[in-house]
Structures are given as structure tokens and as C-alpha cells.
Amino acid sequence: MKFSAERYQNMQYRRCGKSGLLLPAVSLGLWHNFGDVDDVKIYRKTLHTAFNNGITHFDLANNYGPPPGSAEINFGKLLHTDFKGHRDELIISTKAGYTMWPGPYGDWGSRKYLVSSLDQSLQRMKLDYVDIFYHHRPDPSTPLEETMSTLDLIVRRGKALYVGISNYPAAEAKKAISLLKKMGTPCLIHQPKYSMFERWVEDGLLDVLEKEGVGCIPFSPLAQGLLTNKYLKGIPRNSRAAKAHGFLQKDAITQERVQQIQKLDALAKQRGQTLAQMALAWLLKDKRVTSVLVGASSPAQLEDSLKCLRHIEFDKAELIAIEKILKEIV
Ligand SMILES: NC(=O)c1ccc[n+]([C@@H]2O[C@H](COP(=O)([O-])OP(=O)(O)OC[C@H]3O[C@@H](n4cnc5c(N)ncnc54)[C@H](OP(=O)(O)O)[C@@H]3O)[C@@H](O)[C@H]2O)c1
């Protein structure tokens, strides 16, 4: 497979916290759209579009599909065919922390689960190592020391180059970062849910990450498609909200929400952007955000989202107008 020789020219690469690693400002996640229920012709092209535009980072997890595990298998197949010879240009991440197999060892944050899960992920993708391995969510029952020392062990065994945490609130993130630092395996990155519609990270977490030199990669930056022009006129048949296995619930698309989206869409148009582009630019204006982790059900969506990089500055009046619209629904 021949990729564009210009692929690195239009992407911006940002340093991940205080690490040596640069990530593309836009990364691609494989939570939806890459499972066995999806069309290989489409997701294959989406992956090509990503790499042709300088997206070097692909984010997976043990349970992505459906069925769980199929996104890793499908990605692995293309990695060893279409992307053959490009492994060293790619940052591949996976995670464990949600239910993956039955019984007491297929969930949460024990050493037993994390080590086995990563071995399974590596087998599915036919890889010797991943670039980033995450603990997917905090575990209220397993000692944090056990979970963090397992991340350290995984790096020392050469099965991941870096480690990260996801969905950890500020205080727990701080403790986890400190434990990892003491073990000599610094926490590279945190992956929280963050968008115009989901702003809990602004209440302490971003400050912790900045202070500790840890990167931040917001997931669902388009609120699963709400922050695009997708739902302006109802729920399209092929949308995530309409799919039985989609995580976006139809009842999230209220009349009030649609009116709010329409106002944001009008503002985006004034900036010469689509709403998706404005929503991504709004996150990237903050230097603490390393990369936005988007999903895409087609190459065209990804091409649209990537154009956010052409205009990530906001003037004061635009920011005030956005805040006013966002405050209409709390
Ligand atoms: N750590 C965690 O706990 C966690 C949780 C969730 C996600 N993630 C990661 O974050 C990644 C992204 O999450 P996400 O898929 O929810 O992100 P998202 O970017 O908020 O939503 C992606 C969806 O929005 C729609 N879309 C995307 N670009 C569009 C555009 N330009 N115009 C119109 N519609 C557009 C598509 O919906 P349609 O499918 O309807 O076309 C697409 O599937 C995941 O793949 C995963 O890697 C992590």
C-alpha cells in the first residue's frame, strides 16, 4: 500500500506532557465503526485517510467491537497488510478495565486481569508490544498500588512502551501519577471524556495534568456526533443514535439540545467552520490538550474533522458567545 508522501506536512504534532513523545493533534479511536458489525471497505478507507493525513495514533481497547475484541482483530489484519512496513511510524494504544470475559478475572484493575488482557490484545493484533497501555477506569476495590505496579511491570516486560490512565478523577489521577513516578515509569497520558458538552476535567484534572507533566487526550470530543451537523434535522437512519449497538441514546437528542446545537452550528458557520471543526478547535485551543481522539464512521467525516486544524484560534467575543449557548443546558 502506497501512502501519500506529503502525509506529515499538514498535521500538527504536540508533545505529550513532559515526555519525549509527540502525538498528532487529531487521533483516531476505534471504539465504534471497526467491529465485525461494520463494513470493512469503509473502515479500511477511513484508516487510509487517517494515515494519509498524518494521523499516526490509533486508539483501541480490549472490548471494542462489537463483538468485544473484534476491533483489535480487524485493525491487526490491516496493520499487517495495508500498513506493512509502517509499524514504527504508528502509536497504537489499547486498554483494559471494563468487562472482557466472565468470572472474577475479566474486569476492573487486578494484576491478574491487566496482564492477561494485554496478552490477549497483543495476540489479537499480532503485535509484540503496544505503544501505550491504559488502565481504562478506576477500580474502587483493588489497591491503586497493585494496578499501578502492574502498569510498571508491563513496561518493564517490554509489552508497552508507555502507560496511561483513563476516566480517573483528579484526586485519584494525582495519586496514580505519583505512584508511577516513584516506580520510574512515568504516566504518559490521561484519557478523559471532554467536549463542549462534558466539562468535568476543567474542575481540577487539567491542572493536575499540567503540573505533573502528563498529556491529555479527550475522548468523545464531538459528544458521539451531537457536536456535528448530524442531528440538526432528526436522527438519521445510519447514525450512532439509531444503531442498536450504538452508545449514544436517542433520548440524549432532546428538542432543547437540538436548538442548542443549531446555535452552535450558526456560530461555527460565522467562523467559516463546520460544527465538528469548531468543537475540536475549541478543545485544541488549550495547550494542555495534546490531541483530540475522534471517531469516524466514514473517511469523509474524518476529512471534515481534520480541517479543524486550519483555524483553532478563538477571539474573546466568540468564546463568550459559546459559553452563553453552553449554559442554556446544564
Ligand atoms: N477511555 C474511554 O473510556 C473511552 C470511552 C469512549 C471513547 N473512547 C475513545 O475515544 C474515541 C472517540 O470516541 P467517539 O467515537 O465517541 O468520538 P466522537 O468523535 O465524539 O464521535 C464520533 C462519531 O461522531 C460522528 N462524526 C464524527 N465526525 C463527524 C463529522 N465530521 N461530521 C458529522 N459527524 C461526525 C460519527 O457518528 P456516526 O457514527 O453517527 O456517523 C462518529 O462515529 C473512541 O473511538 C475511543 O478510542 C474512550
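Scroll up for the structure.
If you're wondering where the values come from, they're calculated on a predicted model, not measured in any experiment.

A. Looking closely at the site of the ligand. Neighbouring the ligand are 31 residues, the closest being Asp 59, Ser 220, Lys 230, Arg 240 and Ser 297. Between the ligand and Pro 221, the relevant distance is 3.5 Å, taken from an oxygen atom to a main-chain nitrogen or oxygen of the residue. Contact between the ligand and Gln 301: an oxygen atom at 2.9 Å from a side-chain N or O atom of the residue. Coverage of the ligand by the protein chains reaches 96% of its 910 Å² of free accessible surface. Looking at the shell around the ligand, the elements that each hand over two or more residues are β10 (292-294) and α9 (299-306). Here the element with the most residues in the shell around the ligand is α9; it accounts for three residues. Its residues placed into classes, the shell around the ligand shows eleven nonpolar, 15 polar and five charged.

B. Layout of unusual backbone geometry. Here Gly 65 and Pro 66 are connected by a cis peptide whose omega angle stands at -5°. Mapped onto the elements of the fold, Pro 66 is located in the loop between β4 (57-59) and α2 (70-80). Pro 67 follows Pro 66 through a cis peptide bond whose omega is -5°. Following the sequence through the fold, Pro 67 ends up in the loop between β4 and α2. The backbone of Lys 126 sits at a positive phi, close to 55°, despite the residue not being glycine. At Asn 167, a residue that is not glycine, the phi angle is positive and equals roughly 65°.

C. Here's a closer look at the environment of Ala 5. By the element assignment, Ala 5 lies in the segment before β1 (13-15). In this structure the C-alpha to C-alpha distance between Ala 5 and Asn 52, which are 47 residues apart in sequence, comes to 8.2 Å.

D. Layout of the sheet that holds β10. Taken in spatial order, the eight strands make up an open sheet running β9-β8-β7-β6-β5-β4-β3-β10, and their pairing is parallel. Edge strands, defined here as strands with exactly one partner in the open sheet, are β9 (215-216) and β10.

E. Layout of the pattern of salt bridges. Under the criterion given, the structure shown has 17 salt bridges. The salt bridge partner of Asp 107 is Arg 137, with a shortest N-O separation of 2.9 Å. Of this pair, Asp 107 sits in the loop between β5 (91-96) and α3 (111-125) while Arg 137 sits in the loop between β6 (130-135) and α4 (144-156), and the two are 30 residues apart along the sequence. Of the two residues, Asp 107 and Arg 137, neither departs from the other in class, the shared state being buried. In this structure, the salt-bridge partner of Lys 181 is Glu 212, at a minimum N-O distance of 3.2 Å. In this pair, Lys 181 sits in helix α5 (residues 170-183) while Glu 212 sits in helix α6 (residues 205-212), placing the two residues 31 residues apart along the sequence. Classification of Lys 181 as exposed rests on a relative accessible area of 52%.

Definitions and cut-offs
Residues numbered from 1 in each chain as written. Predicted model: local features only at pLDDT ≥ 70, side-chain atom pairs only at ≥ 80, totals over all residues. Heavy atoms only, no water. Near = heavy atom within 4 Å. Polar contact = N/O pair within 3.5 Å; in protein donor to acceptor, adjacent residues only side chain to side chain. Areas by Shrake-Rupley, 256 points an atom, 1.4 Å probe, with all protein chains shown as cover. Helix = DSSP H or I, 4+ residues; strand = E, 2+ residues; numbered from the N terminus. Nonpolar A, V, L, I, M, F, W, Y, C, P; charged D, E, K, R; others polar. Pairing = 2+ DSSP bridges. Salt bridge = Lys/Arg side-chain N within 4 Å of Asp/Glu carboxyl O. Buried < 20%, exposed > 50% of the residue type's maximum accessible area, 1.4 Å probe, protein only.

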